[in-house]
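Chain by chain, the residues run as shown.
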Amino acid sequence: MKFDFKTNTIFSLALVVILASCTSKPKSNEAEVSEAQEVTEAEPAAVAYAVSSSDSKVTWVGTKLAGQHNGTIAISEGAVNVEDGSIVGGSFSIDLTQIDVLDLEGEDEDNLAGHLKSGDFFDVENHPNAKFEITGVEAWSGDNSEFADSEHAIADPTHKISGNLTLRGNTLGITFPAKVAMEGDKIHAEAKFNIDRTKWGVSYNEESSIDEIAKDKIINNTVNVGFDVWANKDEASA
């Protein structure tokens, strides 16, 4: 096979232009990813705060060549375990059958939400729920001021949270900064961070696919994920 230097050079330059024009990934912390970690059972003295499904949600932002999309996913149930005024564990379920797209309307919104639920992405038919389970919580000691102007990050975190994220049947450990407030019988925890979706087997139109690059259909592997979790002591003890 004869090597066509001119053709290959033009193709390489085209790839550079396409990649350069791809919408930048959200400005945020990159979650530390590891093998799944051991989960410690709550001590008898721990108090369970029930996660409020009506107030809690997961947010997401995905970017591609032509721009980005964002939306929310429902949190169906969960609990946060507290002992001596500190969070010591907990988990919540993410209902992937309830994916909302916030930047589209009507048929366009329905089409994207349906595609996200398909086997190309979350494979909701076989994996209707994702799950996050806390494996560790410690006080935040770093400086996150570089993200002070980013809507996709927590500029002033109070804690560093570790836990196992299960998606499409794949479980990995992640660690990220979060802002946690405990007032009376309520807990509010916020976090925003980036993950590489392909590590959980969500590989549709990934960045390394030359075919998709050539068709201008590349989607950034990096997705910004946000946890907005409210938990109430009264509901847990009712």
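The structure we're discussing is the one just above.
These lines cover the structure that appears in this document, whether it is placed above or below. (Residues numbered from 1 in each chain as written. Predicted model: local features only at pLDDT ≥ 70, side-chain atom pairs only at ≥ 80, totals over all residues. Heavy atoms only, no water.)

1. Thoughts on the overall build of the protein chain
When its secondary structure is counted, the protein chain shows four helices and 10 strands. Reading the protein chain from its N terminus to its C terminus gives the helix and strand order α-β-β-β-β-β-α-β-β-β-β-α-β-α. Evaluated residue by residue, the protein chain yields a buried proportion of 41% over its 238 residues. Taking all contacts inside the protein chain whose residues are at least 6 apart in sequence as the whole, residues at least 24 apart take part in 68%. (Helix = DSSP H or I, 4+ residues; strand = E, 2+ residues; numbered from the N terminus. Buried < 20%, exposed > 50% of the residue type's maximum accessible area, 1.4 Å probe, protein only. Contact = heavy atoms within 4.5 Å.)

2. Quick look at the packing of aromatic side chains
Scanning all chains against the criterion turns up eight aromatic pairs. Between the aromatic rings of Phe-92 and Phe-132, the centroid separation amounts to 5.7 Å while the plane-to-plane angle is 40°, which identifies the pairing as tilted. Placement of Phe-92 in strand 5 (residues 86–101) and of Phe-132 in strand 6 (residues 129–139) is noted, with a sequence separation of 40 residues between them. Comparing Phe-92 with Phe-132 shows no difference in burial state: the two are buried. For the ring pair Phe-132 and Phe-227, a centre distance of 5.2 Å and an interplane angle of 50° mean the geometry is tilted. Of this pair, Phe-132 sits in strand 6 while Phe-227 sits in strand 10 (residues 219–232), and the two are 95 residues apart along the sequence. Assessed through its relative accessible area of 7%, Phe-227 is described here as buried. Members of the aromatic cluster, each reached through a chain of ring pairs, are Phe-92, Phe-132, Phe-176, Phe-193 and Phe-227. (Phe/Tyr/Trp six-rings, centres within 6.5 Å; stacked < 30°, edge-to-face > 60°.)

3. Here we look at the pattern of salt bridges
Applying the stated criterion across every chain, the model contains four salt bridges. The salt bridge involving Lys-25 is made with Glu-30; its shortest N-O contact spans 3.3 Å. Glu-30 sits in the partly exposed class, given a relative accessible area of 42%. (Salt bridge = Lys/Arg side-chain N within 4 Å of Asp/Glu carboxyl O.)

4. So, the nonpolar core
Judged by nonpolar contacts, the single largest core of 45 residues is most densely connected at Phe-132, Phe-176, Phe-193 and Phe-227. Residue contacts for Phe-193: discarding those within four places in its chain leaves Ser-28, Asn-29, Ala-31, His-152, Ile-174, Phe-176, Val-223, Asn-224, Val-225 and Phe-227. (Core = buried A, V, L, I, M, F, W, Y, C linked by side-chain atoms within 4.5 Å.)

5. Quick word on unusual backbone geometry
Of note, Asp-84 is a non-glycine position whose phi angle comes to about 55°, a positive value. Within the secondary structure layout, Asp-84 lies in the loop between strand 4 (67–83) and strand 5. Take Asp-84: its relative accessible area is 77%, and that puts it in the exposed class.

6. Quick notes on helix 2 (residues 106–117)
Relative to the 16 Å expected for 12 residues at 1.5 Å per residue, helix 2 spans 17 Å between its end C-alpha atoms, a close match to the ideal helical length. Its buried side turned inward, helix 2 meets strand 3 (57–64), strand 4 and strand 5. (Expected span 1.5 Å × (residues − 1).)

7. What about the side chain of His-152?
Checked against the element boundaries, His-152 lands in the loop between strand 6 and strand 7 (159–167). Exposure remark for His-152: the relative accessible area of 14% places this residue in the buried category. Not counting the four nearest positions on each side in its chain, His-152 is found in contact with Pro-26, Lys-27, Ser-28, Val-61, Lys-192, Phe-193 and Asn-224.

8. Observations regarding the environment of Glu-35
Position of Glu-35 relative to the elements: it lies in strand 1 (residues 32–35). Measuring from C-alpha to C-alpha, the distance between Glu-35 and Thr-171 comes to 7.8 Å, with 136 residues separating the pair along the chain.

9. Quick notes on the environment of Val-82
Its location among the elements puts Val-82 in strand 4. Given a relative accessible area of 6%, Val-82 falls into the buried group. Not counting residues within four places of it along the chain, the set of residues in contact with Val-82 comprises Ala-45, Ala-46, Val-47, Tyr-49, Ile-87, Val-88, Met-182 and Ile-187.

10. Describing the pairing of strand 3
Side-chain positions along a regular strand alternate between the two faces of the sheet. Relative to strand 4, strand 3 runs antiparallel, the two being bridged by eight bridges. The residue of strand 4 that forms the bridge with Gly-62 is His-69. Counting the residues that bridge the hairpin from strand 3 to strand 4 gives two residues. Relative to strand 10, strand 3 is paired through seven bridges, and the arrangement is antiparallel. In the strand pairing of strand 10, Val-61 is matched with Asn-224. (Pairing = 2+ DSSP bridges.)

Geometric descriptors of this kind do not, in isolation, establish any biological role.
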